[in-house]
Amino acid sequence: SIACLFLLGAAASPGCSHFDLKGHADANNGPVYVEVQANTSHSCQTFRLYLVTYATHLSRSDFCIAAISAASYDYPVNVLGTNRLSEFKLNGPLDKLWALQEFVETLPKIPNIIIAFVDAYDTIVNGPPSELVRKLLASGHRVLFASEKGCCSHKWHMRVRRPDCDELWPRPPLLTPTPYLNSGGFVGFRKELAKLLKWSAKEYEHEVAQLTPNLVDSYKSGGDQQLICQLFSYGGHERDATEEQKQFVRERLGVSLDYKHKAFLCMYGVSLSEEISYSKKGRLVSRGSAVCSHLIYREFQTCAGVTPEVSKPVILHFNGEGDKKTVPLKEVATRITMPARDRAALWA
């Protein structure tokens, strides 16, 4: 097995405008979090940020990359799934939603709790907790998902084994090469995220009840991303629902996508030579993209009108399959520079 170095220690900087960071745990062996102080429009407030991932095996080298990068930026990590192998075999990737739902329910019902979730085996942390909190607050939304070039399908296609793009996918509020949702990275406030996870469970129960012998379980085959895409696009309603009904989840819970890659960057379809650079300190920088994938919006085929924006995403998600995932993950992991920490302990 491969041992992971978990770098410990918390950085602190004086003054709310610079964000104060302190690592904590709710109780002995309880969920761990970092406190971030941030200036809002009203006052200086303290936020608890819980970073969560789901992994059934901790000995994988790709998990070690995620763990070391998180620890390098002083994130305590809550790992779900190590005791849920049987549940994962039964539910597949959907189980990360059910595990996360149970985790969120254990958290204190107090204001200013933020949960960030990242996939365990294809993620690199590329920035500190203060930036993740700041970028969520700056978005004006309560839950923010990563956006990507690859498209979402819908359950009616998936039921009959047709993973086509959703032709009714919500039009983004701005020109973007990444109009689709990716569930491998998201951040949000506890209250709204708890409701989203609850509605996800209800939507899955409803889908199972609709199945007949000749239909496929669309969410078990499409995983957590298919389920969240469905709620984002249709709000738990049918295709012929009104636009107001379809916007239910987006409007009621303040859910949106990180279209400008401020917090999350999904690497599927990203050119490492044209769209990525590195800062003087070795941090990955997104130079923006004018390259679209197979989009249903024909006028977006060349991303006409899109002005590439430079950003420093906090979470890098190397989504995709096979070499399309592992090759860029390893290349970036070898080139990126993670902050050095003075103290280290073994995390197995």
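Anything mentioned here points back to the structure above.
Residues numbered from 1 in each chain as written. Predicted model: local features only at pLDDT ≥ 70, side-chain atom pairs only at ≥ 80, totals over all residues. Heavy atoms only, no water.

Draft legend 1. Fine view of a positive patch on the surface. Together, K191, K195, K198, K202 and R252 line one region of the surface with positive charge. With four residues, helix α6 (residues 190-210) is the largest single contributor of residues to the positive patch. Tracing the backbone through its elements, the reader meets K195 in helix α6. (Patch = residues over 30% accessible without salt bridge, like charges linked within 9 Å, V, L, I, M, F, W, Y side chains within 5 Å. Areas by Shrake-Rupley, 256 points an atom, 1.4 Å probe, with all protein chains shown as cover. Salt bridge = Lys/Arg side-chain N within 4 Å of Asp/Glu carboxyl O. Lys, Arg positive; Asp, Glu negative; His and termini not counted. Charge placed at Lys NZ, Arg CZ, Asp CG, Glu CD. Helix = DSSP H or I, 4+ residues; strand = E, 2+ residues; numbered from the N terminus.)

Draft legend 2. Focus on helix α1 (residues 61-72). With twelve residues, α1 extends 16 Å from end C-alpha to end C-alpha; this agrees with the ideal 16 Å at 1.5 Å per step. Within α1, nine of the twelve residues are buried, leaving the element largely enclosed by the surrounding structure. Restricting attention to buried positions, one finds in α1 the residues D62, F63, C64, A66, A67, S69, A70, A71 and S72. Once α1 ends, the next one or two residues include D74, with phi positive near 70°. (Expected span 1.5 Å × (residues − 1). Buried < 20%, exposed > 50% of the residue type's maximum accessible area, 1.4 Å probe, protein only.)

Draft legend 3. Structural context of the sheet that holds strand β14 (residues 315-317). Taken together, three strands build an open sheet; the order of strands is β7-β14-β11 and the sheet is mixed. The strands lining the two open edges of the sheet, one partner per strand, are β7 (123-125) and β11 (264-266). Between one strand and the next, the sheet's axes are offset by a mean angle of 15°, whatever the strand orientation. Direction of pairing for β11 relative to β14: parallel, over a ladder of three bridges. If you follow L265 over to β14, its bridge partner there is L316. (Pairing = 2+ DSSP bridges. Axes fitted to C-alpha atoms, helices over the stretch in contact; angles between N-to-C directions.)

Draft legend 4. Geometry of the pattern of salt bridges. For the structure shown, the criterion picks out 16 salt bridges. In this structure, K149 and E275 form a salt bridge, with 3.4 Å as the shortest nitrogen-oxygen distance. Of this pair, K149 sits in the loop between β8 (143-148) and α5 (155-158) while E275 sits in the loop between β11 and β12 (276-278), and the two are 126 residues apart along the sequence. Considered together, K149 and E275 belong to a single accessibility category, that of buried residues. In this structure, R162 engages D164 in a salt bridge whose closest nitrogen and oxygen atoms are separated by 3.0 Å.

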